[in-house]
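One letter stands for each residue in the lines below.
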Amino acid sequence: MTIIRSIALFLAAAVLEIGGAWLVWQGTREHRGWGWIGAGVIALGAYGFVATLQENADFGRILAAYGGVFVAGSLAWGMALDGYRPDRYDVTGALTCLAGVAVIMYAPRNA
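Residues numbered from 1 in each chain as written. Predicted model: local features only at pLDDT ≥ 70, side-chain atom pairs only at ≥ 80, totals over all residues. Heavy atoms only, no water.

Asker: Would you mind going over the pattern of salt bridges with me for this structure?
Answerer: One side chain can pair with another of opposite charge once the charged atoms of both are near each other. Considering all chains together, one arrives at one salt bridge under this definition. Two residues, D58 and R61, come together in a salt bridge whose shortest N-O distance is 3.3 Å. A relative accessible area of 39% means that D58 is categorised as partly exposed. On the basis of relative accessibility, which here comes to 26%, the residue R61 falls in the partly exposed class. (Salt bridge = Lys/Arg side-chain N within 4 Å of Asp/Glu carboxyl O. Buried < 20%, exposed > 50% of the residue type's maximum accessible area, 1.4 Å probe, protein only.)

Asker: Before we go on, may I ask you to explain the packing of aromatic side chains in this structure?
Answerer: Ring pairs (aromatic) are described by centroid distance and by the angle formed between their planes. Taken as a whole and judged by the stated rule, the model has five aromatic pairs. Taken together, the ring pairs in this structure connect F10, Y47, Y66 and F70 into an aromatic cluster. Positioned above the aromatic ring of W36 is the side chain of R32, whose terminal nitrogen or guanidinium carbon lies 4.8 Å from the ring centre. (Phe/Tyr/Trp six-rings, centres within 6.5 Å; stacked < 30°, edge-to-face > 60°. Lys NZ or Arg CZ within 6 Å of the ring centre and 35° of its normal.)

Asker: Any chance you could explain the environment of W36 here in plain terms?
Answerer: Mapped onto the fold, W36 is located in helix α2 (residues 34–51). The partly exposed category is assigned to W36, whose relative accessible area is 29%. In this structure the C-alpha to C-alpha distance between W36 and W22, which are 14 residues apart in sequence, comes to 9.1 Å. Setting aside anything within four residues of it in sequence, one finds W36 in contact with W22, L23, V24, Q26 and G27. (Helix = DSSP H or I, 4+ residues; strand = E, 2+ residues; numbered from the N terminus. Contact = heavy atoms within 4.5 Å.)

Asker: What exactly am I supposed to notice about unusual backbone geometry here?
Answerer: Excluding glycine, a negative phi dihedral is what most residues carry, and trans is how most peptide bonds are arranged. Despite not being glycine, H31 has its phi angle at roughly 55°, a positive value. Summarising the element assignment, H31 is placed in the loop between α1 (3–29) and α2. Assessed through its relative accessible area of 71%, H31 is described here as exposed.

Put into structure tokens, the structure is as follows:
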């Protein structure tokens, strides 16, 4: 698997999971209704399938690395859809998480 395909799968997973959680949030906390909640549940389920498409078969490695993508993606989603403005510590933390993703997923391994 190429690194580009792997990154694309992480991005797709982030859109589905973060988007699904956001839809559930909107349906529940912002009182937009069951349609929003249902769409969120479907997106969250689809996220689970997308995560399985990574070539690496180590569940723990994939989910640990995805955690870093989730952190950065959540901040980006908040900026794009909710007007959230991260401070320098948010940005530093997100970049640190993405550096961790790179080490976990793409560092050369002998075995």
